[in-house]
Amino acid sequence: MSTIILGIESSCDDTSAAVISDGVLLSNVIASQAVHEAYGGVVPELASRAHQQNIVPVVSEAIKRAGIKPEDLSAIAFTRGPGLMGSLLVGLSFAKGLASALQIPMIEVNHLQGHVMAHFVLEKDNIDKPLPKYPFLCLLVSGGNSQIIKVMSYKEMEVIGQTIDDAAGEAFDKCAKVMGLGYPGGPVIDRLAKEGDPNRFKFAKPHIQGLNYSFSGLKTSFLYTLRDAIKENPNFIEENKADLCASLQKTIVDILMDKVRKAVKETGIREVAVAGGVSANSGVRNAFTEHARKYGWTIHLPKFSFTTDNAAMIAIVGQYKYLDRDFCKFDAPAFARVENNIR
Ligand code: KG4
């Protein structure tokens, strides 16, 4: 009999539900929340309210698109954290209600583990895709995280480097904000960067020990460049937007890749994946392809629909945990922050 898992993701500003049957994705529905655009960032209280509005239609749609009935489900996997507490509680509470009504087990999933394991989601038209081989390294870069993770198995992951301040996505978004490019700014910078000169401006790069990251110095250096230039020419940003975006993107990608190269050298692992919202960035993807060619790495770039928050990645972890009978209690809590060793 096949295993059918419903995944629910509600850690930040996307409400998502997905159905996976024996590792193969049957549906993946995502409702993004436009309400935050006006504020230039995610407003936690508005996010949890939007999750409450979205959760029933999103789960219903995922079950419908999968062509199954709720009674066919083997278990429900949900994101337990890290994330916004109010948002997490909506997904968690819904999962509890549905699982107890259907009398099926619940499976808690670490959001970061989900991002890494998104590489293992199979799709009907891509059943034979090459999966990462353990152990591999994963650069996880999103709006809230920048980490290098050593992945020994689906349940054994060690964070070997991480940001000590801003995340890479935050650096994109905050610099975009000061240029008046809207929120989230990462995709806009990516688009504008394609028309600009990446070597026109030089911004500060951090000197951080080990495999950790820092992006706050880059942000300050970017701000100072703009402040000084605007004094001379009030139209500076408008006239130099593409070059600013291209130079900023190049700097962020260089900072990320310097530490990934170092991690490969230190661990001897040349199987390298990238995950999270910023893995959609064309500069990041090109750098990975270039490194694979130059240094003989085997790389894994996620499909665009699996870069941002999605429930397919929660359901796939649920699938693995189900096979290990790793269920949680019905009074399982949510966690805003999760410890370093991802389980
Ligand atoms: O994983 P994600 O959806 O969730 C959060 O952690 O919030 O990541 C969102 C982040 C945002 O900072 C967004 O600007 C960034 O990913 N992002 C990008 C691109 N697409 C999304 N950054 C750079 N280039 C992109 N193409």
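Whatever comes next refers back to the structure up there.
Rules behind the numbers
Residues numbered from 1 in each chain as written. Predicted model: local features only at pLDDT ≥ 70, side-chain atom pairs only at ≥ 80, totals over all residues. Heavy atoms only, no water. Near = heavy atom within 4 Å. Polar contact = N/O pair within 3.5 Å; in protein donor to acceptor, adjacent residues only side chain to side chain. Areas by Shrake-Rupley, 256 points an atom, 1.4 Å probe, with all protein chains shown as cover. Helix = DSSP H or I, 4+ residues; strand = E, 2+ residues; numbered from the N terminus. Expected span 1.5 Å × (residues − 1). Buried < 20%, exposed > 50% of the residue type's maximum accessible area, 1.4 Å probe, protein only. Contact = heavy atoms within 4.5 Å. Phe/Tyr/Trp six-rings, centres within 6.5 Å; stacked < 30°, edge-to-face > 60°. Lys NZ or Arg CZ within 6 Å of the ring centre and 35° of its normal. Axes fitted to C-alpha atoms, helices over the stretch in contact; angles between N-to-C directions. Parallel < 35°, antiparallel > 145°, perpendicular 65-115°, else oblique. Left-handed = near helix turned anticlockwise from the far one by under 90°. Nonpolar A, V, L, I, M, F, W, Y, C, P; charged D, E, K, R; others polar. Salt bridge = Lys/Arg side-chain N within 4 Å of Asp/Glu carboxyl O. Bend = angle between axes of the 7 residues up to and from the residue.

## Considerations on the site of the ligand
Move 1: The ligand sits among 19 residues. The nearest are Gly143, Asp173, Asp190, Gly277 and Asn281.
Move 2: Measuring from an oxygen atom of the ligand, one finds a side-chain N or O atom of serine 142 at 3.2 Å.
Move 3: For the ligand, whose unbound accessible area comes to 550 Å², protein coverage reaches 88%.
Move 4: Mapped onto the shell around the ligand, the elements with two or more residues apiece are helix 4 (168-178) and helix 5 (186-193).

## Some details on the environment of glutamate 239
Move 1: Within the element layout of this structure, glutamate 239 appears in helix 7 (residues 236-267).
Move 2: Between the C-alpha atoms of glutamate 239 and isoleucine 63, which are 176 residues apart in sequence, the distance is 49 Å.

## Here's the deal with helix 9 (residues 312-323)
Move 1: An ideal rise of 1.5 Å per residue puts 16 Å on 12 residues; helix 9 measures up with 17 Å between its terminal C-alpha atoms.
Move 2: Among the 12 residues that make up helix 9, 10 are buried, leaving the element largely enclosed by the rest of the structure.
Move 3: When helix 9 is considered as a whole, its buried residues turn out to be Ala312, Met313, Ile314, Ala315, Ile316, Val317, Gly318, Gln319, Lys321 and Tyr322.
Move 4: Looking at the buried residues of helix 9, the elements they touch are strand 1 (4-9), strand 2 (14-21), strand 3 (24-32), strand 4 (75-81), strand 5 (106-110) and helix 3 (111-117).

## Regarding the environment of aspartate 13
Move 1: Structurally, the position occupied by aspartate 13 is in the loop between strand 1 and strand 2.
Move 2: On the basis of relative accessible area, aspartate 13 is assigned to the buried category, the value being 15%.
Move 3: Aspartate 13 sits 275 residues away from phenylalanine 288 along the chain, and the two C-alpha atoms are 28 Å apart.
Move 4: Those residues in contact with aspartate 13 that sit more than four places away from it in its chain are Ala31, Ser32, Gln33, His36, Val42, His51 and Tyr183.

## Digging into the packing of aromatic side chains
In this description, a pair of aromatic rings is defined by centroid distance and the angle of the planes.
Move 1: One pass over the structure, following the stated rule, counts 12 aromatic pairs.
Move 2: Summarising the aromatic geometry, the rings of tyrosine 322 and phenylalanine 327 are spaced 5.6 Å apart at their centres and angled 55° between planes, so their arrangement reads as tilted.
Move 3: Pairwise contacts between aromatic rings join Phe120, Tyr134, Phe136, Tyr154 and Tyr320 into one cluster.
Move 4: When the ring centre of tyrosine 224 is taken as origin, the NZ or CZ atom of arginine 227, which lies over that ring, is 4.6 Å away.
Move 5: Over the ring of phenylalanine 306 we find lysine 303; its NZ or CZ atom is 5.9 Å from the centre of that ring.

## Some details on the packing of helix 1 (residues 44-66) against helix 2 (residues 85-102)
Move 1: It is at 8 Å that the axes of helix 1 and helix 2 come closest, and there the two elements cross at 30°. Taken as axis vectors, helix 1 and helix 2 run roughly parallel relative to one another. Helix 2 is crossed by helix 1, and the crossing has right-handed handedness. Residues Ala47, Ser48, His51, Gln52, Ile55, Val56 and Val59 of helix 1 lie in contact with helix 2, whose contacting residues are Gly86, Ser87, Val90, Gly91, Phe94 and Leu98.
Move 2: Classifying every residue of the contact of helix 1 with helix 2 by side-chain character gives seven nonpolar, six polar and no charged.

## Focus on the pattern of salt bridges
Move 1: Here the structure, examined in full by the defined rule, presents 17 salt bridges.
Move 2: Between arginine 261 and aspartate 258 there is a salt bridge, with its nearest N and O atoms 2.5 Å apart. Placement of the pair is arginine 261 and aspartate 258 together in helix 7, with a separation of three residues, close to one helical turn.
Move 3: If you follow the salt bridges from partner to partner, you end up with Asp166, Glu170, Lys174 and Lys219 in one network.

## Remarks on helix 7
Move 1: The terminal C-alpha atoms of helix 7 lie 44 Å apart, and with 32 residues this matches the ideal 46 Å at 1.5 Å per residue to within 8%.
Move 2: Of all bends in helix 7, the biggest is about 55°, found at alanine 242.
Move 3: In the segment just after helix 7, glycine 268 is the residue with positive phi, at about 75°.

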